[in-house]
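As a plain string of letters, each chain reads:
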Amino acid sequence: MYKIVFMRHGESTWNLDNRFTGWTDVDLTEKGVREARSAGTVLKEAGFSFDLAYTSVLKRAIRTLWLTLDEMDMMWLPIKNDWRLNERHYGALQGLDKAETAAKYGDAQVLVWRRSYDTPPPPLAADDPRNSFNDPRYANVAKESIPLTECLKDTVARVMPAWDEEIAPAIRAGKQILISAHGNSLRALIKMLDGISDEDIVGLNIPNGQPLVYELDAELKPIRHYYLGDQEAIAAAVAAVANQGKAR
Ligand SMILES: O=C(O)[C@@H](CO)OP(=O)(O)O
């Protein structure tokens, strides 16, 4: 049996402000820093150790990983930064307040933009200064692969090659792996691993900074999964994420 640990970053400044974030590179709040450190404590106390970590090229996931590893006294761990683990690109919604957007367009439309499998939010204009075409961190990415918006299906299409080409072979080689990523890039991975339907994926929400353990069989099919830590607090955090897109 193999084990892998997934973790969404701790609370970010735009999680706190309730803004659509996507590829915007915002940092952690003080609460997010505490969540990341506490994830390290929880992992250490549960006896976890790692050989390798993967994260995105966005600082909220990177810093979460650093703080978690610091708490585990494992800052020496090799880290692979992969843009394919980035948050789903939120297009022209990036920067907007989620509740205000729901008040303007309706809760149902915002739920479609946030959680539907194949309806992307409106795209950023190609000449919008917020596009990532000239950002040096994507210098090695083909321009046609750099999105202006993404639905979850688009995110699956970039996350799965990272899983198939990089992460799955490392698991099979016996490496203990920690992945620090984002709500929707993790939803994309989990959808594929667990075979969740396009309809049911709408109901899956991932809380900030909580280690999620997946046990996998020899074919890397999930046997079971569970969050480490306080289960009541985690259930409340999952419900809070679901409610972020509702008008107040
Ligand atoms: O804004 C975002 O990029 C994501 C994650 O914070 O939000 P949501 O949960 O609304 O998809």
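Residues numbered from 1 in each chain as written. Predicted model: local features only at pLDDT ≥ 70, side-chain atom pairs only at ≥ 80, totals over all residues. Heavy atoms only, no water.

An unreviewed UniProt entry annotates the protein as 2,3-bisphosphoglycerate-dependent phosphoglycerate mutase of Massilia soli. A UniProt comment under Subunit (unreviewed entry) is attached to the protein, and it reads "Homodimer." (UniProt positions renumbered as here; feature names shortened; annotations may be inferred.)

(A) View of the packing of helix 2 (residues 30-45) against helix 3 (residues 59-71). Contact pair helix 2 / helix 3: the axes reach a minimum separation of 7 Å and the direction vectors enclose 40°. By the angle between their directions, the pair helix 2 and helix 3 is classed as oblique. Our pair here, helix 2 against helix 3, has a crossing hand that is right-handed. Touching Val33, Ala36, Arg37, Ala39, Gly40, Thr41, Leu43 and Lys44 of helix 2 are Thr64, Leu67, Thr68, Asp70 and Glu71, all from helix 3. In the contact of helix 2 with helix 3, the residues fall into 5 nonpolar, 4 polar and 4 charged. (Axes fitted to C-alpha atoms, helices over the stretch in contact; angles between N-to-C directions. Helix = DSSP H or I, 4+ residues; strand = E, 2+ residues; numbered from the N terminus. Parallel < 35°, antiparallel > 145°, perpendicular 65-115°, else oblique. Left-handed = near helix turned anticlockwise from the far one by under 90°. Contact = heavy atoms within 4.5 Å. Nonpolar A, V, L, I, M, F, W, Y, C, P; charged D, E, K, R; others polar.)

(B) Region of the structure containing helix 6 (residues 152-172). Tryptophan 163 marks where helix 6 bends most, by close to 40°. Every buried residue of helix 6 is listed here: Leu152, Thr155, Val156, Arg158, Val159, Met160, Ala162, Trp163, Ile167, Ala168, Ala170 and Ile171. Where helix 6 is buried, its residues touch strand 1 (2-8), strand 2 (52-55), strand 4 (177-181), helix 7 (183-194) and strand 5 (212-216). Looking one or two residues past helix 6, glycine 174 carries a phi angle of roughly 95°, positive in sign. (Bend = angle between axes of the 7 residues up to and from the residue. Buried < 20%, exposed > 50% of the residue type's maximum accessible area, 1.4 Å probe, protein only.)

(C) Focus on the nonpolar core. In this structure, Ile4, Phe6, Trp163, Ile177 and Ile179 are the most contacted members of the largest nonpolar core, which totals 31 residues. Those elements giving two or more residues to this core turn out to be strand 1, strand 2, helix 6, strand 4, helix 7 and strand 5. Among the elements that take part in this core, helix 6 stands out by supplying 9 residues, more than any other. Not counting residues up to four positions away in its chain, the partners in contact with isoleucine 179 are Ile4, Val5, Phe6, Met7, Tyr54, Leu85 and Ile167. Counting residues in hydrophobic clusters, the runner-up holds 15 residues, among them Phe48, Leu65, Met74 and Val213. (Core = buried A, V, L, I, M, F, W, Y, C linked by side-chain atoms within 4.5 Å.)

(D) Layout of the UniProt feature "active site" (unreviewed entry) in the protein. In the numbering used here, UniProt assigns the feature "active site" (unreviewed entry) to His9 and Glu87. The named residues occupy 79 residues along the chain; their greatest pairwise C-alpha distance, 10.4 Å, places them in one compact cluster. Apart from the residues within four sequence positions on either side, histidine 9 is in contact with Asn15, Arg60, Ala61, Thr64, Ala181, His182, Asn208 and Gly209. Side-chain polar atoms of histidine 9 contact the side chain of arginine 60, separated by 3.4 Å. Positionally, glutamate 87 belongs in the loop between strand 3 (79-81) and helix 4 (98-105). The class for glutamate 87 is buried, based on a relative accessible area of 7%. Beyond its immediate sequence surroundings of up to four residues, glutamate 87 is in contact with Gly22, Trp23, Leu58, Arg60, Glu150, Arg158, His182, Gly183, Asn184 and Ser185. (Polar contact = N/O pair within 3.5 Å; in protein donor to acceptor, adjacent residues only side chain to side chain.)

(E) Highlighting the sheet that holds strand 6 (residues 222-227). Taken together, the 6 strands give an open sheet; going across it, the order is 3-2-4-1-5-6, and neighbouring strands pair in mixed fashion. Every other strand in the sheet has two partners, leaving strand 3 and strand 6 as the edge strands with one partner each. Strand after strand, the sheet turns through a mean of 20° between neighbouring axes, direction not considered. Examined bridge by bridge, strand 5 and strand 6 share 5 bridges and lie antiparallel to one another. The partner of valine 213 across the bridge, within strand 6, is tyrosine 226. Across the sheet, helix 3 lies against strand 1, strand 2, strand 3 and strand 4, angled at about 140° from strand 4, the strand it touches most. (Pairing = 2+ DSSP bridges.)

(F) Region of the structure containing the side chain of arginine 8. Tracing the backbone shows arginine 8 in strand 1. Glutamate 87 provides the closest opposite charge to the buried, salt-bridge-free arginine 8, at an N-O distance of 5.4 Å. Engagement of the side chain of arginine 8 in a polar contact is seen with the backbone oxygen of isoleucine 206, the distance being 2.7 Å. With near-sequence residues (within four places) excluded, arginine 8 lies in contact with Asn15, Thr64, Ala181, His182, Gly183, Leu186, Ile206, Pro207, Asn208, Gly209, Gln210 and Val241. (Lys, Arg positive; Asp, Glu negative; His and termini not counted. Salt bridge = Lys/Arg side-chain N within 4 Å of Asp/Glu carboxyl O.)

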